[in-house]
Amino acid sequence: MEPKGSSSISSDRKTNKTTLASSAHARPNRKSTASSAMVMKPNGKSAVSSAILMKPNASTAPSSAHGDQVMFFRDVSLGPTEADLRFRLIHLWEARNPSTKTLIGQEMILIDEEGTVIQGFVPAGRVGLYELEPGSVYNLRNFFGSRNKAQYRVTDHSATVTFAWNSDLSILDNPPVLIHEDRFRFHSYEEFQANCDRKVDLYDYVGHMKLVNGQTITEHMVLDEVDIAERRHLCVHVQTHDGPVMKLYLWDKAASDFCEKFKSYGSSPRVLLVTTVNPKHLGGTLALTSMVSSRVFMDNDVQPSRDYLGWLSSNSDLANKINAEVVTKPETATLEELFAYIKQETAKVAWFECTATIDDVLRGSAWYYISCGGCNSKAVKGPSSLICNNKKCGKSDVTGVAQYLTRISVYDKSEQAVFVILGDAGKELTGKHASELVASYFEANEGVEADHCVPVPQALLDTIGHTYRFIVKVSDYNLSRKTQTITVTKILPPAAPQPIAASEEHAVPSTSDDILKTGGDRVRQASESLESAEAKRCKSG
């Protein structure tokens, strides 16, 4: 039967969320032949993206009540069912026990000719019995209608199609009707915020990218895939239209898919669409995290991303209204609350604002390090000159520049801690660059060898007893319990609030440990002695 080509928009459960379905005639290359229509929300604003939903005429579509006995997903109920389902397999993934990693089964997203989406499930004992290929159209005879899961739902349907002992699956190379290729359920920032931490439904996100792992996107940006693979995740700052900027964390396969798609474009893509994301509060602010079911699309991959790219091209001034370096204001925390956050099982890398008084400047190791003048990574001694330790920089002859690497003990009314001040954050404390203080010392002590370790300057010692607002980063090293030292990325006077720029976090290596793990023996040994002293001084771990 030939469906009518009228375009319509579907909203499930009578909510404000936008449900978009992409349709295409079933052809071997599975390319879309579709148009688009702008979705308008009840408040009159345009929804997240334009979309297509080509639905068959309900009066001519096959039904369980008519001749060919094909059941629509809307008729699926709980319990064993002897009937045929005709659908396209949108996506499938493995479901595993989060603790033991034991395979539970295969989960799927299925769509029928009406555009209704339902979750499918193949139990572990039947995995491998069926040839399942995303994008293909199938006929399934006999199944069991299971109750849809209560947490992390990927469809609105109350039931799940479970493959049973008597299920028979066959592929339809030439399906008699049009079946949509995909279906998206987009949420806005406000809707994600309202459903934050509820662990119920997983909705889709589309918007444009501002930063990738803290770096502003350039025309031919190169991703550090080795670092991303080691950390198993990356962070993208994203924005929908002119709304708030938020962080989107992509984990494991979603992170690797992001890298592959990003590289596949000749110039850096701008639009990002990620399915089934989980809204959470991380560091006190809204963030989205990918799940095992998540898929990643960019610029021209699917119709909604193409629609958004068209909007972005026509509204670049509006989209760039918020500076790409702006990061959401970190949550205020006491030192006690900071350590409590680090101990949480679900804790992620985050930034906090802590007001604390400097008790002492620790003198067990050098208060500075020598960096590459080009990228600020640690420079090490080569056979005849300094060499940058950053493989991406690759400079074999660099000009060394002194940068702050200063450990201070601090306290507030609740706890004590050891902070390490990096780079420009030190200038905010003393009013001078580390290179100025080092140069002044050698000018005043002409007979000292060039490799002499400069003692802690008076400008740092004068800060003892003063109270400051510290912007600190809880790093992967803190979360893995490798160090209790907290990295300071910015220092503010108590009564002078200001915005925080993401670029300051990357003006030097992102944490003190990134310097220490690449440095020479003297710095590393001093670090170890400080860790020992720190354990005695600091009551929290």
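Residues numbered from 1 in each chain as written. Predicted model: local features only at pLDDT ≥ 70, side-chain atom pairs only at ≥ 80, totals over all residues. Heavy atoms only, no water.

Under an unreviewed UniProt entry, the protein has the name Replication factor A C-terminal domain-containing protein and belongs to Brassica campestris.

Peer 1: How would you explain the packing of aromatic side chains if you had to name every residue and give the values?
Peer 2: Geometrically, a pair of aromatic rings is defined through the distance of the ring centres and the angle of the planes. Taken as a whole and judged by the stated rule, the model has 14 aromatic pairs. With 5.0 Å between their ring centres and 75 degrees between their planes, Tyr 130 and Phe 163 make a pair best called edge-to-face. Separated by 33 residues along the polypeptide, Tyr 130 in the loop between strand 5 (117-123) and strand 6 (137-147) and Phe 163 in the loop between strand 7 (159-162) and strand 8 (168-171) bring together distant segments of the chain. Judged by relative accessible area, which is 0%, Phe 163 ranks as buried. Taking the centre distance of 4.8 Å and the plane angle of 65 degrees together, the rings of Trp 367 and Tyr 368 count as edge-to-face. Each member of the pair Trp 367 and Tyr 368 is classed as buried. One aromatic cluster is present, built from ring pairs that chain together Phe 73, Phe 87 and Tyr 138. (Phe/Tyr/Trp six-rings, centres within 6.5 Å; stacked < 30°, edge-to-face > 60°. Helix = DSSP H or I, 4+ residues; strand = E, 2+ residues; numbered from the N terminus. Buried < 20%, exposed > 50% of the residue type's maximum accessible area, 1.4 Å probe, protein only.)

Peer 1: Can you break down the nonpolar core residue by residue, with the values?
Peer 2: By size, the foremost hydrophobic cluster in this structure holds 43 residues, and its most contacted members are Phe 352, Trp 367, Val 410, Phe 419, Phe 470 and Val 472. If you list the elements that add at least two residues to this core, you get helix 6 (335-343), strand 18 (350-361), strand 22 (400-411), strand 23 (416-422), helix 7 (424-430), helix 8 (434-444), strand 24 (467-474) and strand 25 (486-492). Considering each element in turn, this core owes the most residues, seven residues, to strand 18. For Val 472, the contacting residues outside a window of four places in its chain are Leu 338, Ala 350, Trp 351, Phe 352, Cys 354, Phe 419, Ile 486, Thr 487 and Val 488. Counting residues in each nonpolar core, the second largest holds 28 residues, with Cys 196, Ala 254, Phe 258 and Leu 286 among its members. (Core = buried A, V, L, I, M, F, W, Y, C linked by side-chain atoms within 4.5 Å. Contact = heavy atoms within 4.5 Å.)

Peer 1: Give me the lowdown on helix 8, citing residues and values where you can.
Peer 2: An α-helical turn contains 3.6 residues, so any two residues separated by three or four positions project in the same direction. For helix 8, the complete set of buried residues consists of Ala 434, Leu 437, Val 438 and Tyr 441. Across the axial projection of helix 8, the buried residues extend over an arc of 100 degrees, all falling on one side. Those residues of helix 8 that are buried are in contact with strand 19 (368-372), strand 22, helix 7 and helix 9 (458-461). (Arc of directions from axis to C-beta.)

Peer 1: Explain helix 3 (residues 253-264) to me, using residue names and the numbers behind them.
Peer 2: Taking 1.5 Å of rise per residue, twelve residues should cover 16 Å, and helix 3 covers 16 Å from first to last C-alpha, within 8% of that figure. Those residues of helix 3 that fall on the buried side of the exposure criterion are Ala 254, Ala 255, Phe 258, Cys 259 and Phe 262. Looking down the long axis of helix 3, one finds its buried residues gathered within 140 degrees of arc, a one-sided arrangement. Across helix 3 from its buried face, at more than 90 degrees, point the exposed residues Lys 253 and Ser 264. The secondary structure elements touched by the buried residues of helix 3 are strand 10 (203-212), helix 2 (225-231), strand 12 (233-239), strand 13 (246-251), strand 14 (271-282) and strand 16 (296-298). (Expected span 1.5 Å × (residues − 1).)

Peer 1: Mind laying out the environment of Ile 179, listing which residues take part and the relevant values?
Peer 2: Topologically, Ile 179 is positioned in the loop between strand 8 and strand 9 (182-186). Residue Ile 179 is classed as buried on the basis of its relative accessible area, which comes to 0%. Note: C-alpha distance between Ile 179 and Val 137 (42 residues apart in sequence) is 8.1 Å.

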